[in-house]
Amino acid sequence: MPFCENTNLPRRSLLALSLRAAVICFLGSAPSVWAQTSSFPITEQQRATADRVAQAGVPLSELAPNAPDSHTVKPGDTLWDISKLFLTNPWRWPELWGMNRDQISNPHLIYPGQMLVLVKIDGRAQLQLAQQRVGAQASDADGSGKLSPRIRVGDFDGNAITAIPLNLIEPFLNDAVVFDTDELATAPRIVATPEGRVLLSRGDLAYARGDLSQATDYRVFRNTRPLLDPISQEILGYEAPYLGTAELKRPQQNSEQADGKIEIVPATLMIKAVRQEIGIGDRLSPMPQRSFSRYIPHAPNAPIKGQVISIYGEGLNAGQNQIVALNRGRRDGLERGHVLALWQQGRSMVDSTSDKREIIKLPDERHGVLFVFQVYERVSYALIISVKDPVKAGDSFSQP
């Protein structure tokens, strides 16, 4: 198997990145696997960023008070969970790991059974894999006693841990859907059910009209509701409650009768999954491709401020592991993986200590962390990673 090595490489400058199919190393001025493999292009600027981060790590002040010296990865661990053991701000784990996130399309970096070691040098810290777990071997054949790292490229078993718990957001990748325009108003619709049934279950047939030529698998939605900006009241998008899925069995067939009239025979679909009640009038939209890549926690590159539009599911407030809609999206610079700080608006009150009984407003207080996992043009969905007090529409957010 191919490998890369440099006998003069200091241990703290070693950048080990394991992807599903490979472990890549950056070795200063030494020839790089990236330069030899067209599958992993890298610019000089990106190489410099990766090298700088790998060498720097994080200041010791960023470590959690009880950060362990080592941790053995267990099934069910996530990078976020592990980073919470070591950092006061878990979203900064790419710095701790010496990771160049711009070159990683898959956040799977480590595997159960591997041991992570916290290395502290010159007032900074870095998290590394124990050498025997990544194939690095000490060699003193030349009598110098220097380490000679060897990072081998090989296949893994696909059981790498994820960046965040995907089970928390996976249901919402179908459930929480925003359309930039009210396109569902003209989308295909269910017009009838066998024997006049009111509600449909899995395996039931449904009859629909509209253009169903785009796909065979469809999502079923209830009519949309507009998402309004809390400040301007401008419509930012249209949220559609997700009901389930359906498969096209027979397309619509129109035939001309002897009297010249057109007989309309609607398309036939079979309900494949039901999340909420499905009935006549519900709308159909082609099933999109699913992707779980790029869920790598990181801060926005530029300052950003906004508000929570709504709590998903029409709740009045939300807590940890619930979903909120934000009034910022792709055009505002938000992207999947962005970590945001939640702020609770300070309340207004009367200063009872003043003779004038003046109205004062208490400062806004940071009380939670959001993780953006779905981004549309002007709206995004975020998971509440942590929070002190209930979150409600109108609460603000910013870069962490």
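Residues numbered from 1 in each chain as written. Predicted model: local features only at pLDDT ≥ 70, side-chain atom pairs only at ≥ 80, totals over all residues. Heavy atoms only, no water.

## Things to note about the overall build of the chain
Spelled out, the test is: By definition, any uninterrupted DSSP run of H or I lasting at least four residues is a helix, any uninterrupted run of E lasting at least two residues is a strand, and each is numbered from the N terminus. We call a residue buried when its accessible area falls under 20% of the maximum for its residue type, exposed when it is over 50%, and partly exposed in between, using a 1.4 Å probe and counting protein chains only.
For the chain, the helix and strand inventory stands at seven helices and 28 strands. The proportion of buried residues among the 400 residues of the chain is 46%.

## Notes on the sheet that holds strand 5 (residues 70-72)
Operational definition: Strand pairing follows a simple DSSP-based rule, namely that at least 2 bridges must link the two strands. Contacts are assigned to residue pairs that have any heavy atoms within 4.5 Å of one another. Inter-axis angles, ranging from 0 to 180 degrees, are taken between N-to-C directions of lines fitted to C-alpha atoms, where helices are fitted over the stretch in contact.
Spatial ordering of the open sheet is given by 4-7-6-5, a layout of four strands whose pairing is antiparallel. Edge positions in the sheet fall to strand 4 (58-59) and strand 5, since each of these pairs with one other strand and no more. In this sheet, strand 7 (residues 124-129) lies alongside strand 4 in antiparallel orientation, the contact comprising two bridges. Bridge pairing links Pro 59 to Arg 124 in strand 7. Against the sheet, helix 3 (residues 79-86) makes contact with strand 5, strand 6 (115-121) and strand 7, and its axis sits at roughly 155° relative to strand 5, the strand it touches most.

## Section: helix 3
We count it as follows: To obtain the arc, one takes the directions from the helix axis to the C-beta atoms.
Of all the residues in helix 3, the buried ones are Leu 79, Trp 80, Ile 82, Ser 83 and Phe 86. An end-on view of helix 3 places all buried positions within 160° of arc, on one side of the element.

## Quick look at the sheet that holds strand 28 (residues 396-398)
Pairing is antiparallel around the closed barrel formed by six strands, whose spatial order is 21-22-27-26-23-28. Here the strands of the sheet are splayed against their neighbours by 45° on average, with no regard to which way each runs. One ladder, built from three bridges, connects strand 21 (residues 305-311) with strand 28; its direction is antiparallel. When the sheet's bridge partners are listed, Gly 306 is paired in strand 28 with Phe 397.

## Description of the environment of Asp 332
Test applied: Here a polar contact is recorded for every N or O atom pair within 3.5 Å, except that within protein the pair must consist of a potential hydrogen donor and a potential acceptor, and residues adjacent in sequence are included only if both atoms are side-chain atoms.
Counting through the fold element by element, Asp 332 comes out in the loop between strand 22 (323-326) and strand 23 (339-344). Here Asp 332 falls in the partly exposed class, since its relative accessible area comes to 34%. The spatial distance from the C-alpha of Asp 332 to the C-alpha of Val 379 is 9.3 Å, given a sequence separation of 47 residues. If sequence neighbours within four positions are ignored, Asp 332 has contacts with Ile 304 and Asn 327. From its side chain, Asp 332 meets the backbone nitrogen of Gly 329 in a polar contact 2.9 Å long.

## Some points on the pattern of salt bridges
Put simply, the rule is: Here, a salt bridge means any side-chain nitrogen of Lys or Arg that lies within 4 Å of a carboxyl oxygen of Asp or Glu.
As enumerated under the stated definition, the model contains ten salt bridges in all. Of the charged contacts, one joins Asp 395 and Lys 392 as a salt bridge, the two residues approaching to 3.4 Å between their closest N and O atoms.

## Re the confidence of the model for the chain
Defined as follows: For every residue, the predictor reports its confidence as pLDDT, a number between 0 and 100.
Residues at a pLDDT of 70 or more form 74% of the chain, whose mean pLDDT is 75. Across residues 101-108, where pLDDT falls below 50, the model places 33 contacts with residues more than four positions away in sequence or in other chains. Counted against residues more than four places away or in other chains, residues 132-157, with its pLDDT under 50, gives 59 contacts.

## Describing the environment of Gly 57
Positionally, Gly 57 belongs in the loop between helix 2 (44-56) and strand 4. Judged by its relative accessible area of 6%, Gly 57 falls in the buried class. Sequence separation between Gly 57 and Gly 98 is 41 residues; the distance between their C-alpha atoms is 6.0 Å. Once residues lying within four places of it in the same chain are set aside, the contact partners of Gly 57 are Glu 95, Arg 124 and Ala 125.

## Observations regarding the packing of aromatic side chains
Test applied: Two aromatic rings, drawn from Phe, Tyr or Trp (for Trp, its six-membered ring), form a pair once their centres lie within 6.5 Å of each other, and the interplanar angle then sorts them: stacked below 30 degrees, edge-to-face above 60, tilted otherwise.
Taken as a whole, this structure holds four aromatic pairs when the rule is applied. Ring geometry for Tyr 312 against Tyr 381: centres 6.1 Å apart, planes inclined by 85°, an arrangement best described as edge-to-face. Here the residue Tyr 312 occupies a position in the loop between strand 21 and strand 22, and Tyr 381 occupies one in strand 27 (residues 380-387), the gap between them amounting to 69 residues. Tyr 312 sits in the buried class, given a relative accessible area of 19%. Centroid distance Tyr 376 to Tyr 381: 6.2 Å. Interplanar angle 85°. Geometry classified as edge-to-face. For Tyr 381, a relative accessible area of 1% gives the class buried. One aromatic cluster in this structure is built from Phe 179, Phe 221 and Tyr 242.

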